[in-house]
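# Breakdown of the fold
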Amino acid sequence: MLKEECGVVGIYSNKDVSSSIFYGLFSLQHRGQESCGITTFDGYFHTEKGMGLVPEFFDLKKLEALNGKIGIGHVRYSTTGDSKIENAQPFVVTHSKGTLAIAHNGNLVNSDDLRKKLEADGQAFVSTTDTEVIAHLIVREFVKTDNITDSIAEVMKRLKGSYSLVILTENELIAVRDPLGIRPLTIGNFDSTYIIASESVVFDVLNVNSYRDVKPGEIITINEDGLKSFRPIKRNRKAYCMFEYVYFSRPDSVLNGISVYNVREEIGRIHGKLDDMKADMEVDFVSPIPDSAIPFALGYSKQTGVPYKESLIRNRYVGRTFILPDQEARELAVRLKLNPMLSEVAGRRIVLFDDSIVRGTTSGRIIRILKEAGAKEVHMRVGCPPIKSLCKLGIDMPTDKELIASEKSIEEIRESIGADSLRYLQIEDLVKAIGLKKDELCLGCLTSKYPVKISKHEQVLLPSFYDTSTYDSST
Ligand code: AMP
């Protein structure tokens, strides 16, 4: 079983959809860089999927081969070990009554159990993904009932974890979001074209003004009769992932009606208010670790009047850093990616923002680079509270042991990253900055309390996929 960080797109239209799906996936590239794929339907199912970035894998020839006015697409991130073409999506299953294609963002916590039951029943698998488990479960119901919505609703009762799905059957596009709404999913339309996407940035790119979130527990079907919505499972609580707001989603996306950019800026302001109260806090400027921490630093600057300056310049052409064999090479890779502005940094007292500290390696390296460039003081401010437990619901993180905040106190972390001061955001302030209630958010990686019950046995089966030797801090 694999844990995934992914993005999904689905389009139903009266004209060919492959190029719009391509641009949609391209705008969701930050959600997954390992593999990508598109499936369309024009009487036949056509699929093109493979390893690499969206613009690297797809060319005009591939897009032209993807005929059809209805289709789905997927971008996927996984670590190198799991980087197999068989795990690329959309996943297509042909059964006695037709074909179904599915693309999934999220992570089931009971996938192993479901898979074993299916295997005991004679089901063979071609991939190691939980997506294939979902696909077979739906198909099994569908061949019994002939009703796709009932089949999905029945399967939803058995799925535990996070799933935002786009499904393509013959002539029908379907969106499904798990009852807690853990991972984002949005739907928009113009004229008779409907678009489903992980993040609203896709609507901006495709010039669609009207969109809304798919509700937690909602199934939406779109076919020649138009759009229908079903809500077979309604829960009192929701569990929108806080990390989507802090790091994972693009700042220009609006999730659950809330602007990601505004949340990040507000977090910066909260840090600013707290520093304003400190009489002895004298600094020259505030800087982000680019690009993901920019809105935090801007919010801080607006609140405090401390000037915003860039102290690190990002090389935009360095993609994901590859695995480098030794420490020296890894240090070089960091400098290649982020170079300090010597003229700005030497002799200065800097407030430095990052969205999160996970293992503590990134901030430690960057503070060292700034100090080597002559920075007098570096005061680290973090957009997220301490991450103490690995995410079991779809964000790629290292094992609990490697999470610096699971082992060390804040003072010990400050010392180990070499900061002159360090402040994380408080959980209550994070909740306030997002503007939702605490029981509408998943804070599992901060509190170790997950919104789905995960049995001891399931915890053992949940692997960690965080690639410990590479990172990419840009969103
Ligand atoms: P570290 O503390 O060295 O593990 O790295 C934290 C940095 O990686 C932060 O700057 C984040 O922007 C970025 N980051 C946080 N979570 C993830 C993730 N799940 N995958 C990739 N990068 C991440």
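Residues numbered from 1 in each chain as written. Predicted model: local features only at pLDDT ≥ 70, side-chain atom pairs only at ≥ 80, totals over all residues. Heavy atoms only, no water.

### Quick notes on the side chain of His104
Structurally, the position occupied by His104 is in strand 6 (residues 98-105). Here His104 falls in the buried class, since its relative accessible area comes to 0%. Engagement of the side chain of His104 in a polar contact is seen with the backbone oxygen of Ser162, the distance being 3.3 Å. (Helix = DSSP H or I, 4+ residues; strand = E, 2+ residues; numbered from the N terminus. Buried < 20%, exposed > 50% of the residue type's maximum accessible area, 1.4 Å probe, protein only. Polar contact = N/O pair within 3.5 Å; in protein donor to acceptor, adjacent residues only side chain to side chain.)

### Looking at helix 10 (residues 294-304)
Residues Pro295, Phe296, Ala297, Gly299, Tyr300, Ser301 and Thr304 constitute the buried set of helix 10. Of the surrounding elements, those touching the buried residues of helix 10 are helix 8 (242-248), helix 9 (260-276), strand 17 (285-288) and strand 20 (349-354). Following helix 10 by one or two positions, Gly305 has its phi on the positive side, about 80°. (Contact = heavy atoms within 4.5 Å.)

### What to know about the sheet that holds strand 12 (residues 219-223)
Strand pairing in a sheet is mediated by backbone hydrogen bonds. Such pairs are either parallel or antiparallel. Taken in spatial order, the six strands make up an open sheet running 5-6-7-8-12-13, and their pairing is antiparallel. Edge positions in the sheet fall to strand 5 (91-95) and strand 13 (226-230), since each has one partner strand and no second. Sheet twist, expressed as the mean angle between neighbouring strand axes with direction ignored, is 20°. Pairing of strand 5 with strand 6 involves five bridges; the strand directions are antiparallel. Paired with Val93 across the two strands is Leu100, which belongs to strand 6. Lying on the sheet, helix 5 (residues 130-145) is in contact with strand 5, strand 6 and strand 7 (164-169); it crosses strand 6 at an angle near 145°. Helix-sheet contacts for helix 6 (residues 148-156) involve strand 6, strand 7, strand 8 (172-177), strand 12 and strand 13, and the interaxial angle to strand 8 is about 20°. (Pairing = 2+ DSSP bridges. Axes fitted to C-alpha atoms, helices over the stretch in contact; angles between N-to-C directions.)

### Thoughts on the nonpolar core
In summary, soluble globular proteins display a tendency toward joint burial of nonpolar side chains. Counting residues in each nonpolar core, the largest one holds 52 residues, and the members touching the most others are Met242, Phe243, Val246, Ile387, Leu430, Ile434 and Leu446. Residue assignment for this core shows that the elements contributing at least two residues are strand 14 (240-241), helix 8, helix 9, helix 10, strand 20, helix 16 (427-434), strand 23 (441-442) and helix 17 (444-447). At six residues, helix 8 tops the list of elements feeding residues into this core. Taken domain by domain, the makeup of this core includes at least three residues from each of domain 1 (6-235) and domain 2 (264-432). Membership of the second largest hydrophobic core comes to 28 residues, among which are Leu118, Val133, Leu159 and Ile174. (Core = buried A, V, L, I, M, F, W, Y, C linked by side-chain atoms within 4.5 Å. Domains from an automatic or database assignment.)

### With respect to the site of the ligand
Neighbouring the ligand are 18 residues; Asp354, Arg359, Gly360, Thr362 and Asp396 lie closest to it. Within the complex, the protein chains bury 96% of what would otherwise be the 500 Å² of accessible surface of the ligand. Elements with a contribution of two residues or more to the shell around the ligand: helix 8 and helix 13 (361-372). (Near = heavy atom within 4 Å. Areas by Shrake-Rupley, 256 points an atom, 1.4 Å probe, with all protein chains shown as cover.)

### Focus on the packing of helix 11 (residues 327-337) against helix 13
Remark: helix 11 packs on helix 13, axes separated minimally by 11 Å, with the N-to-C direction vectors making an angle of 70°. The orientation of helix 11 with respect to helix 13, classified from their angle, is roughly perpendicular. Packed against helix 11, whose contacting residues are Arg330, Glu331, Val334 and Arg335, the element helix 13 presents Arg365, Arg368 and Ile369 at the interface. (Parallel < 35°, antiparallel > 145°, perpendicular 65-115°, else oblique.)

### Observations regarding the pairing of strand 9 (residues 186-190)
Two strands pair when backbone bridges link them, and strand 9 and strand 10 (residues 193-197) are joined in this way by five bridges, in the antiparallel orientation. From the neighbouring strand, Gly188 faces strand 10, where its bridge partner is Ile195. As consecutive antiparallel partners, strand 9 and strand 10 are separated by two residues, and within that stretch Asp191 has a phi angle of approximately 45°, a positive value. The sheet contact formed by strand 9 and strand 11 (residues 210-213) spans four bridges and is antiparallel. What sits directly across from Thr186, in strand 11, is Asp213.

### So, the packing of helix 9 against helix 10
It is the contact of helix 9 with helix 10, at a shortest axis distance of 6 Å, that shows an interaxial angle of 45°. In this view, helix 9 runs oblique relative to helix 10, as classed from their interaxial angle. Judged by the twist between their axes, the crossing of helix 9 over helix 10 is right-handed. Along its contact with helix 9, which presents Tyr261, Arg264, Glu265, Ile267, Gly268, Arg269, His271, Gly272, Lys273, Asp275 and Asp276, the element helix 10 presents Pro295, Phe296, Leu298, Gly299, Tyr300, Lys302, Gln303 and Thr304. Across the contact of helix 9 with helix 10, the residue classes break down as six nonpolar, six polar and seven charged. (Left-handed = near helix turned anticlockwise from the far one by under 90°. Nonpolar A, V, L, I, M, F, W, Y, C, P; charged D, E, K, R; others polar.)

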